[in-house]
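Tertiary structure, described
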Amino acid sequence: MRATAGMALLSVACGFTPVQRMLSSSRSGVLHLTHHDLPLVTPNIFGFQQDLLQEQPDRRALRKTVPSMVATSGMFTQSKPEDRRVHPEDLNGRAVFKVVYVVLESQYQSSITAACKRINAGQPDVAVECSGYILEELRDPANYEQFKQDVSDANIFIGSLIFVQELADKVVEAVEPVRDQLSACCIFPSMPQVMRMNKIGSFTMASMGQSKNVMMDFMKKNKPSGTSFQDGMLKLVRTLPKVLKYLPGDKAKDARNFMMSLQYWLGGSPENIEALLLNLANNYCSQISEQGLLEGLAIQEPEVIPDKGIWHPVAPRVFETPADYMEWLRNEHAPALGIDAATAPVVGIVLQKSHINTKDDAHYVSLIMELESQGALVIPTYTGSLDFSQCIDEYFSLIGTTLVDCVINLTGFALVGGPATQDHPKAVATLKTLDRPYICAVPATFQTFDEWQDSELGLHPIQVALQVALPELDGAIEPIIFAGRDGVTGRSIPQADRIAVLSKRALKWAGLHRKKVAEKKVAITVFSFPPDKGNVGTAAYLNVFGSIFECLKSMQDAGYSVGDLPGSVEELVDSVLHEKEARLASPQLNVEYKMSVNEYKELTPYASELEENWGPPPGQLNSDGANLLVYGKTFGNVFIGVQPSFGYEGDPMRLLYAKSASPHHGFAAYYTFVEKIFGADAVLHFGTHGSLEFMPGKQVGMSGGCYPDRLIQTIPNLYYYAANNPSEATIAKRRSYANTISYLTPPAENAGLYKGLKELGELVGSYQTLRESGRGPTIVNSIIATARQCNLDKDIDLPGEEDDSANLSLEERDGVVGKVYSKIMEIESRLLPCGLHTVGVPPTASEAVATLVNIASIDRPEDGIKGLPRIIAESIDRDIEDIYRKSDAGVLDDAALKNKIVEGVRAAVGACVDRSTDSDGRVTEVNTLAQGLTDMFSGGSPMKLALTQVGFTAVSDESMAPLFEYLEFCLKQVVADNEMGALLDGLAGRFITPGPGGDPIRNPLVLPTGKNMHALDPQAIPTIAACDCAKVVVERLLERQASENNGAYPESIAFVLWGTDNIKTYGESLAQVLWMVGVRPVPDSLGRVNQIEAIPLEELGRPRVDVVVTCSGVFRDLFINQMNLLDRAVKLVAELDEPLDQNFVRKHALEQAEELGVPLRDAATRVFSNSAGSYSANVGLAIENGGWESEDQLQEQFLTRKGFAFNADKPGILDSATDIFKSSLKKVDVTFQNLDSSEISLTDVSHYFDSDPTKVVSGLRTDGKKPTAFVADTTTANAQVRTLSETVRLDARTKLLNPKFYEGMLNSGYEGTREITKRLRNTMGWSATAGAVDNFVYEDANDTFIKDEDMQKRLMDLNPNALRDMVTTFLEANGRGYWETSEENLDRLRQLYAEVDDKIEGM
């Protein structure tokens, strides 16, 4: 470390505080220090500084994770308020006034303590007693009781930044009853109900609104405007010093004292706080003011540094212009450090003024010095406002030139608005203008350093919401913890290893901006899942190698060195794999590098820690027995590598572990190679998704012992992620520091009809024409027979095979045909993605139509837009809901009308798109409605004419105008494309524009793709609209179950909650759980959903149904606040004194309390997930790898891995609670999941069956009953509740067995073939976990892919490994008893297996 940086750090270590020590640097680089008389530095900081002063070539392994929280109470913080209590040591007859304070963050703690000690040491007639609380500590019942006692004895109460609703309620509950007896109650920016408690003499928040109030008059004339209350107050305060002294004393003294108090508070130093307390005591504490004990005392005016500026710990002053600062930096500071200012990277830093004011800035100083020690220059800026964008706008540019290469926000808050209200569009606009990478690091303010380190969960959930999720909406990346709170003093402790990582990563991003393009090295990482089966280049709906080929061409055009580029995608595949039939366990993959064991150990500091799980290196995976093998191929400065597997396939028993194991040696060696041998400047993970972000470690807020942090090291991580999967993309952002780039899922098309289904459609058409003729009954007989051949008798009731429909009335025949028609139209209209997406290739006009049809079919009341089906229905005086309902019931006329409306919507949207389609079939410029006004004179717009041709003549252009204006906007988004542009921006060290992920049909703002994808504010769900939708689905589910169960409601339902589903639907499934137990979510005064109330039974109109909620690991990571909400809801209902036949939650909880010998609240535990840092039940992995003995093993895996309970009474820990999990599951009558997107259905991914508890419940129930399994389908405007078997059949008919689907996949070649096999394997998963697959599904699939010799040959040529996997799956399905078939079919499969195996082995 350079000497100057070391001396500055030494000054902190020795007790000099950076703001007031007046550090100045002469041109010779000699530091002049002024010792401050109140050294506030703890031994922890001293130890840290000693650490930092020593040369440390590698800090990655300094800290290790601890298996579980050391603290046993389950709270996130165990810091003790008693440690910060101040008592006067020697009263000597002095009058004592008592102060109690509550603050969100701890930086004020040391200033208040010091201020109180100064008063007690320096005032002859008065003394102060002080009790202080960090807001989070009030969760602890003992702390809260002590707080109430302290407040009841206090003279002065102070609160600041109280923005956590349930804790704000506690503060109000404690303070409100004694407010009138307090001498003064000072509340600085907080929740409105807390602010209302302000009282200084006659001044209250209510009095500010009185017309005769002088302060109000002044405020009206100087009306604040900005992002929040705090900003408004600050703008007001800036003008106050000149004005306050002239306000009439008799009318405005109290208001003046409030505003002065705010100024003192914002000043923050011990001197300012001392003046604040003395001023309040002198004016409002009667025992002091009446005796004049402080009379004549000269109380200092507020001392403040400029409201905003550039603050450097060794600079002689705060700079208020970038020009002045850059002159000092370049001419004095950089030479003193030995840094060449012309070539050094420059990092802009945004700081919180309160830490500078309160001298709690050691963590800021440490990061600045660390960056300088690595050769960077730093521009550290601050503002007292909560609009931190001012720092970027005013200090990071000079005369039109951007000064910085990278920005780090150290405040831990959103850029504009802090913890209260945010202005994300303003933040994004600021960051786009700056156009540099934007890192938002996190100080662990809600926990002490030790508590964060010991916690498996990592960062406190409230802090995740405020300081991780909200900054992500601005486009922030890399939420790295860089400081922790000291439990005793409250001061921020810099964390050496984290600060080193943060500095190195920031400088790597800065390097991308500075380094010459031709010299940059990029590692493209592809995935192979499951391994060992020709699956290299796996990614959700992405043509990986086709996309990489496009990327390489674009990179070459941009000046990157890509060597000899292959001539085609096929050549690229062959060069990486040697041959397409790649097997990970054999050297058929190209070996790019052989790493010796010694080299591996030398370059991988944590290698020895992997031996506990995997033995000594090189191990069995990615190894030739002597070396570790890195698979891939280098093209110039671009390495295309294959990420190693999780490693489960080598030892299936690992799937049973409750917690996930470490990565294996081959996995670690891969990332060691990428950074330290290949020397990548950036890594590009290609497609959804790999294993890196799911490696063991904390949920959020990685430590140096967490494996995602260890593996990614310091490499900037760009990551192509499917736009419809924001939840897992968010995990990648938070755990592996990914800057995500969204890519479009393939264009969706209607499934259409084929084979017998198509014939059925034609028969129904004939019947509609001839229904009343003599041929009517004959056609109905043909319809019934064909429906049976298509296995539709599994879905609808058909007359018996011996029945003749001539014996049925016309109405009865219509009923039969109506049901068949409704079912085949359900199949025909279902959306399915066709083929695979290639990055950088936007959809054609025709491909955009299907997406727009679905966008046009949804009502958007929040935007004042009716869906086109509703508009058409209203034009014929019908209600669309009534048409849907009757069509679903099989009413032939309404089924036909529904289909006609669908045709009309397609025709109208097609006409709209045709207006903007060029001769190449693409949309390059959208023609607006305004440009087509002349259409009005020729019979209307093309959309109206299209509807007229279908038969809807009464729809007016006026009624459709709002919808089609919206669709034109959507069309622009659908065909726009920035996927390649965003990649090149990221590699150039530029800002990638953020945007939401999710379903583009529900939320077209997901488009255009190529955005840094984020989720949503976790405290914003469920929305009112989501609650309305949830109510409909729950009532339909309960009605259907009751109708099939003699009118009885289910007593308990097992729910599965997914992260992505709740992001896309804004919390619909979350709201379903709440509605099921009869609880209503209630927003707080800032609109955040964190309160609940029980719905009275009279209003509910049915019993409260018990629930068992299994949350995915991703849901747990993103929505732990909502898990808290659910747990509170269940416990609330369990404690209601209601009849047990009307409250099944209470009924079961009372039974379990007795059975397990636990309190009622513990017995009402119903919210479960994986242990922190672990994901999935591993059932999907077992089925994909084939390494499972029996269904018992799968069920045991589910119970072991998913049985960790969330408890709102102990929110800091997820405890293994298998007994209560089993006890709750064995009472379940119904299992339930949601489908919210046409792109991802039951057999597209393994997640759904992995978490399905249907057979688990069957095994646990003692009455031998199998629970009914239901699936809600909200992919269309007409929400459906189907049985699981119905849904699997629908999925098979529309995808696996549908020529439109499998031909589309086969057109994508090698990768598309794998997609077909994957769906067959996932179909078998539903046999294993729920017994939900009909025999005909396997039989028809065998006929389609195996019996057909031409198809067999195509599969063999395209991807023989995928074909072998398909054959294996058929044989396994038969062997496990899921598929009964002929011996002829089985012989054919065995013969084919031998043939394909010979081809793969090269025989």
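Before reading further, recall that the structure is shown in the block above.
Notes on the structure follow. Small disclaimer: the values here were computed from a predicted structure and weren't measured.

1. Some points on the pairing of strand β23 (residues 682–686)
- Of all the 5 residues making up β23, 5 are buried; the element is thus mostly covered by neighbouring parts of the structure.
- The alternating pattern of β23 places Ala682, Leu684 and Phe686 and Val683 and His685 on opposite faces, both of which are buried.
- In terms of strand pairing, strand β19 (residues 522–526) meets β23 through 4 bridges, oriented parallel. Looking across to β23, one finds that Val522 is bridged to Ala682.
- Alignment of β23 against strand β24 (residues 717–722), held across 4 bridges, turns out to be parallel. Paired with Phe686 across the bridge in β24 is Tyr720.
- A crossover links β23 with its parallel partner β24, the connecting element being helix α25 (residues 707–712), and its sense is right-handed.

2. Side note on the packing of helix α33 (residues 892–914) against helix α35 (residues 957–975)
- The N-to-C vectors of α33 and α35 enclose an angle of 60 degrees; their axes lie 11 Å apart at closest approach. Between α33 and α35, the angle falls in the class oblique. Between α33 and α35 the crossing geometry is right-handed. When α33 is examined against α35, the residues Ala908, Val909, Cys912 and Val913 are found in contact with a partner set consisting of Phe964, Leu967 and Leu971.
- Residues of the contact of α33 with α35, tallied by class, amount to 7 nonpolar, no polar and no charged.

3. Some details on the sheet that holds strand β22 (residues 638–642)
- If you trace the 7 strands from one edge of the open sheet to the other, you get β20-β21-β22-β19-β23-β24-β25, paired in mixed fashion. Each edge of the open sheet carries a strand with a single partner, namely β20 (591–596) and β25 (738–743). For this sheet, the mean angle separating the axes of adjacent strands, direction not counted, is 30 degrees.
- The strands touched by helix α20 (residues 544–557) within the sheet are β19, β22, β23 and β24, with β19 carrying the most contacts at an inclination of about 170 degrees.

4. With respect to the packing of aromatic side chains
- Following the criterion strictly, the structure yields 32 aromatic pairs and no others.
- Seen from their ring centres, Phe527 and Tyr719 are 6.2 Å apart, and the 40 degrees between their planes marks the pair as tilted. Taken together, the residues Phe527 in the loop between β19 and α20 and Tyr719 in strand β24 connect sequence positions 192 residues apart. The burial state of Phe527 is the same as that of Tyr719; both residues are buried.
- Taking the centre distance of 4.5 Å and the plane angle of 40 degrees together, the rings of Phe1168 and Phe1221 count as tilted.

5. Digging into the pairing of β24
- In terms of burial, β24 is largely enclosed, as 6 of its 6 residues are buried.
- Side chains Asn717, Tyr719 and Tyr721 of β24 all project onto a buried face; the interleaved residues Leu718, Tyr720 and Ala722 project onto the opposite face, where all are buried too.
- Relative to β25, β24 is paired through 6 bridges, and the arrangement is parallel. The residue of β25 that forms the bridge with Tyr721 is Ser742.

6. Re the packing of α20 against helix α36 (residues 979–987)
- One way to put it is that α20 packs onto α36 with a least axis distance of 11 Å and a crossing angle of 55 degrees. Relative to α36, the element α20 lies oblique. Helix-helix and strand crossings are classified by hand; for α20 and α36 the assignment is right-handed. Where α20 abuts α36, its residues Glu550, Cys551, Ser554 and Met555 lie against Met980, Leu983, Leu984 and Leu987.
- Its residues assigned to classes, the contact of α20 with α36 shows 6 nonpolar, 1 polar and 1 charged.

7. Describing unusual backbone geometry
- In the segment running from Pro617 into Pro618, the intervening peptide bond is cis, with an omega of 10 degrees.
- The omega torsion across Ile1021 and Pro1022 is 0 degrees, close enough to zero to call that bond cis.
- One can find Pro1022 in the loop between β29 (1012–1014) and α37 (1024–1043).
- A positive phi angle, close to 65 degrees, is found at Asp435, a residue other than glycine.
- Residue classification places Asp435 among the buried positions, given a relative accessible area of 15%.

8. Some thoughts on a negative patch on the surface
- The grouping of Asp793, Glu801, Glu802, Asp803 and Asp804 at the surface amounts to a negative patch.
- As for its placement among the helices and strands, Asp803 is situated in the loop between α28 (776–789) and α29 (810–829).

9. Looking at the side chain of Arg813
- Within the fold, Arg813 resides in helix α29.
- Among buried charged residues, Arg813 stands out as having no salt bridge; its nearest opposite-charge side chain is Asp814, 6.5 Å away.
- For Arg813, the residues in contact, after removing those within four places along its chain, are Tyr767, Arg771, Pro777, Val780, Ser805, Ala806 and Leu808.

10. Considering the sheet that holds strand β3 (residues 95–103)
- Strand order across the open sheet formed by 6 strands is β4-β3-β5-β6-β7-β8, with mixed pairing between neighbours. Only two strands of the sheet have a single neighbouring strand rather than two, namely β4 (126–134) and β8 (203–204).
- Contacting β3 and β4, helix α3 (residues 107–122) crosses the sheet at an angle of about 165 degrees to β4.

Conventions and cut-offs
- Residues numbered from 1 in each chain as written.
- Predicted model: local features only at pLDDT ≥ 70, side-chain atom pairs only at ≥ 80, totals over all residues.
- Heavy atoms only, no water.
- Buried < 20%, exposed > 50% of the residue type's maximum accessible area, 1.4 Å probe, protein only.
- Helix = DSSP H or I, 4+ residues; strand = E, 2+ residues; numbered from the N terminus.
- Pairing = 2+ DSSP bridges.
- Right-handed = clockwise from strand over helix to strand, strands pointing away.
- Axes fitted to C-alpha atoms, helices over the stretch in contact; angles between N-to-C directions.
- Parallel < 35°, antiparallel > 145°, perpendicular 65-115°, else oblique.
- Left-handed = near helix turned anticlockwise from the far one by under 90°.
- Contact = heavy atoms within 4.5 Å.
- Nonpolar A, V, L, I, M, F, W, Y, C, P; charged D, E, K, R; others polar.
- Phe/Tyr/Trp six-rings, centres within 6.5 Å; stacked < 30°, edge-to-face > 60°.
- Patch = residues over 30% accessible without salt bridge, like charges linked within 9 Å, V, L, I, M, F, W, Y side chains within 5 Å.
- Areas by Shrake-Rupley, 256 points an atom, 1.4 Å probe, with all protein chains shown as cover.
- Salt bridge = Lys/Arg side-chain N within 4 Å of Asp/Glu carboxyl O.
- Lys, Arg positive; Asp, Glu negative; His and termini not counted.
- Charge placed at Lys NZ, Arg CZ, Asp CG, Glu CD.

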